[in-house]
Structure formats: structure tokens, C-alpha cells
Amino acid sequence: MAWNQPGGGDRDPWGGGNRNDGPPDLDEVVKNLQKKLGGLFGKSRNNGGGESSGGGVSFPGGIGGKGIVALLVLAVAVWAASGFYIVQPAERGIELRFGAFDDVTQPGPNWHIPYPIEEVIKVNVDNVENFQVEAHMLTRDENIVDLELKVQYRISAPETYLFRDFAPEKTIRDATETALREVVGQNPLDSIIVSENRSQIADAVEQGLRTLVERYQTGLEIVGVNIQRAGAPPAVKEAFDDVNKAREDKERFENKAEAYANEIVPRARGASARRLEDAKAYRAQVIAEAEGESARFLSLLGEYKRAPEVTRQRLYLETVEQVYSDTSKVVMDTNSSNNLTYIPLDQLMKQRIRTAPQQEQLDDLGTTAADPGDSQATGRVDSRGSRDRRTR
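Just so it is clear, the structure is predicted and the values come from calculations on it, not from any experiment. (Residues numbered from 1 in each chain as written. Predicted model: local features only at pLDDT ≥ 70, side-chain atom pairs only at ≥ 80, totals over all residues. Heavy atoms only, no water.)

Draft legend 1. Up close: the UniProt feature "transmembrane region" (unreviewed entry) in the chain. UniProt tags residues 68–87 as "transmembrane region" (unreviewed entry). Between the first and last C-alpha atoms of residues 68–87 the distance is 36 Å; the span itself is 70% helix and 20% strand. (UniProt positions renumbered as here; feature names shortened; annotations may be inferred. Helix = DSSP H or I, 4+ residues; strand = E, 2+ residues; numbered from the N terminus.)

Draft legend 2. Molecular detail of a nonpolar patch on the surface. Taken together, Phe 297, Leu 298 and Leu 301 make up a surface patch of nonpolar side chains, about 270 Å² in accessible area. Within the secondary structure, Phe 297 sits in helix 7 (residues 237–306). (Patch = residues over 30% accessible without salt bridge, like charges linked within 9 Å, V, L, I, M, F, W, Y side chains within 5 Å. Areas by Shrake-Rupley, 256 points an atom, 1.4 Å probe, with all protein chains shown as cover. Salt bridge = Lys/Arg side-chain N within 4 Å of Asp/Glu carboxyl O.)

Draft legend 3. Structural view of the UniProt feature "coiled-coil region" (unreviewed entry) in the chain. When the UniProt feature table is mapped to this numbering, "coiled-coil region" (unreviewed entry) covers residues 236–263. Taken as a whole, residues 236–263 contains 96% helix and 0% strand, while its terminal C-alpha atoms sit 41 Å from one another.

Draft legend 4. Focus on the sheet that holds strand 3 (residues 100–105). Read from one edge to the other, the open sheet built from 3 strands follows the order 3-2-5, with strand pairing classed as antiparallel. The strands lining the two open edges of the sheet, one partner per strand, are strand 3 and strand 5 (118–124). The sheet shows a mean angle of 30 degrees between the axes of neighbouring strands, direction not considered. Two elements, strand 2 (residues 91–97) and strand 3, share 5 bridges in a ladder whose sense is antiparallel. Paired with Ile 94 across the strands is Val 104, a residue of strand 3. (Pairing = 2+ DSSP bridges. Axes fitted to C-alpha atoms, helices over the stretch in contact; angles between N-to-C directions.)

Draft legend 5. Local environment of a negative patch on the surface. On the surface, Glu 196, Glu 248, Glu 251, Glu 254 and Glu 258 cluster together into a negatively charged patch. Within the element layout of this structure, Glu 251 appears in helix 7. (Lys, Arg positive; Asp, Glu negative; His and termini not counted. Charge placed at Lys NZ, Arg CZ, Asp CG, Glu CD.)

Draft legend 6. Examining the pattern of salt bridges more closely. Taken as a whole and judged by the stated rule, the model has 12 salt bridges. Among the salt bridges present, the one from Arg 154 reaches Glu 221, with a minimum N-O distance of 2.8 Å. Taken together, the residues span a long stretch of sequence, with Arg 154 in strand 7 (residues 144–155) and Glu 221 in strand 8 (residues 220–231) at a distance of 67 residues. Overall, the relative accessible area of 26% leaves Arg 154 in the partly exposed class. Of the residues examined, Glu 221 reaches a relative accessible area of 30% and is grouped as partly exposed. The partner of Glu 206 in a salt bridge is Arg 210, with the nearest N and O atoms 2.8 Å apart. In this pair, Glu 206 and Arg 210 are both assigned in helix 6 (residues 198–216), 4 residues apart and thus about one turn of the helix distant. (Buried < 20%, exposed > 50% of the residue type's maximum accessible area, 1.4 Å probe, protein only.)

Draft legend 7. Fine view of the sheet that holds strand 7. If you walk across this open sheet you meet the 3 strands as 6-7-8, and the pairing is antiparallel. Strands with a single pairing partner mark the edges of an open sheet, and in this sheet they are strand 6 (129–138) and strand 8. In this sheet, adjacent strand axes meet at a mean angle of 25 degrees when their direction is disregarded. Where strand 7 and strand 8 come together, 10 bridges link them in antiparallel fashion. Counted as the bridge partner of Asp 146 is Gly 231 from strand 8. Helix-sheet contacts for helix 4 (residues 168–185) involve strand 6, strand 7 and strand 8, and the interaxial angle to strand 6 is about 40 degrees. Of the strands in this sheet, strand 7 and strand 8 touch helix 6, which is tilted by about 145 degrees from strand 8. (Contact = heavy atoms within 4.5 Å.)

Draft legend 8. Spotlight on helix 7. In a regular helix each residue adds 1.5 Å, so 70 residues correspond to 104 Å; helix 7 covers 102 Å between its end C-alpha atoms and thus fits that length. Every buried residue belonging to helix 7 is among Phe 240, Glu 293, Leu 300 and Glu 303, and all of these are buried. (Expected span 1.5 Å × (residues − 1).)

Draft legend 9. Local environment of unusual backbone geometry. Omega for the peptide link from Tyr 115 to Pro 116 comes to 10 degrees, which places this bond in the cis form. Mapped onto the fold, Pro 116 is located in the loop between strand 4 (108–111) and strand 5. Backbone geometry at Gln 217 places phi at a positive 55 degrees, although glycine is not the residue there.

Laid out in C-alpha cells, this is it:
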């Protein structure tokens, strides 16, 4: 039954129970509403006749409609001014609209619609964080190695870092152990514990870790990976120390042998080159002497054909002279005199030794300076050559 339908008791929702049926008066409804608002904000301001003025609402302290508008404008201005914020150079601002990602703001002054519509989360993207991983892992040759790894990272994509992964730090730790275990499992123990190979192992781990971090979309960037310690477990550490000492001794001996080889090989090459040059010089000398002997023999043969007796006598005398010049005996004629003759044999021998090289030089000069066209010089040279050949 409708509220204004006759009968059925008091159905009027606007007031008294015994009212005539029909719609309420609109003026009466407005007056009742004004009274209720006046009760909320205080008593109504009356004019001189005691009635409210113009049907408008008045507030304590004489604040009218214009004052309320001013207060509302001021409140809106304060609310809008609260949306200004500054992003530092090392930060990025992540704007959220109703809790969902909206935009990334760059360093400097920015503005967003204030809360509760939008809010901003500032993320530092230049700060480098690090963590360490200690693990015992199995190598390719089925040995256990004790490793300590240090990883440095920073935030590269703030929106991905905040909303893609629930725990990006835990993810990157797990990815580090995965990449490290893969690299260690592909290398023998000796290549891992050697300090010279640690940089290569660290580079391989860093490459694998970068791939995993990009695949998992953590918003993080790997800055560097360093191996702090790599060695055998404590139970077998002494044995591995002995192996390392032996390896160092081997490298030291190899370096020493290489240094010795670098010193000896150039000397041997120099001596070999010198011997080759000496052999070439000796060959040239022998060829020249042979050609000279041949030329002297041919010259002597021509002289012998022209004067055989003279040439034969000269050759004989020169040969006897050479034979007696090389002996230490002294021949004397004792029949010519009975006097005892003193001969200083020691002085003669010393003088002979001193004059022998000079005589050879004079003979060489005489042979070189002799004119081939001179018959006497040619005969003398040929006779000497023949004499040398016979004595040989």
C-alpha cells in the first residue's frame, strides 16, 4: 500500500499521525530542512522581526556562503600543493594511481595528483649493494672446493624491481648460487684454486648471473663479481698446499730454464754464424793460395823451358838455403885455422826467432810488388814457389 493511500493507519513519513491525505507542502519541507541545518551549525540569525532572513543558512561567527567557498578553495589549494615533490639525482620516482603503476619521473621537481588518487615511491638507482656467497661445490673431476664469492648490484629498472618480483634480493642470491654451481661443475679443481684463473671463473659466473637476472625480471643490474677465496676443504688443505708449492717450484724452474735458454741460444747462434764466416774466409783463402800456386808453377815452367840449367841451379840453392835456415846446427871449416872460435849459439837462435816473421813479411811484400813482366822477378818468385812446393 502506498504511503499516501487512505486507510491503513498513520502512513505519513513526514510528521504527524493524524494528517489529511495528500502530498506535503514543499515550503514546509524546505523550512524543516533549514531548521535541521541550523541545529547542526547553531541558531539562525533573526532579523528585527524575529524571523530568519531570506531563507538562507547562517553559521557561527557570521560566516556566510562566500566564506565557505573561500575555505573550500583554500583546502583545494593546500591539497593540490601537497602533490609537489622533488626527486634527487640518484633517485627515480614511481607514481602509483589508485595503487597501480602509472609513470617513472626523472630527477628534479615534479607534481602528481595528491593522495588518495596518486602516491609516489622514490627508489635509489645509483646505490651499489653487495652480498657474499659461501658454498661447498663439486668440481668436474669430482672434488669439493670451498668458495667465497662477492656480488655487487644496483637497481636498473625501478618499476620492475617494485612490481615484477616479490623478493628480488633473494632471487639474485639464488641465481648467484646457480650460476656459480654451473661454472664450478664445468672446471677441474686445479683450474679453480689457481689464482691466475680466478678472474676467468668470475667472468663466467658474472655472465651466467646476468642472463638469469634478466630472465627473472628482477629489475637489478650486476655491477661486478669477485672471487674472494677458493681452496680445498680444511680436511685436505695441507695436501693441497703441498701441491701448490710443487706447482710454484715447477713454474720457478721453468722460468729459470727459459732465462738460461734465452741467454745461451743467442750465444750459440752467434758462435755458429762466426764459424760459418770463418769457414767461408778459409775457403776463400785456400782457393786464393791454390790459384797463386798454380800461377807460380806456370811462371816457373816458362822460365825452366827458357833456361833449364840456371833455373835448376837456382832451385837447388834456394832449397838448401831454406833447409839450413831451419836447423840449429852450425857448420865450420876447422882446416883453415887452429884457433878456437866462440860462437854465441843462444844469441843466434834468439835472433833467428825474431827475424823470421819479419823476413816472411818482406818476402810477401816482395812477391806482391814484383812485376809479372820482369823476367828476373818472375824467376825469383817461381823459384820460391818451387822451393816451397818441394819442402812441403
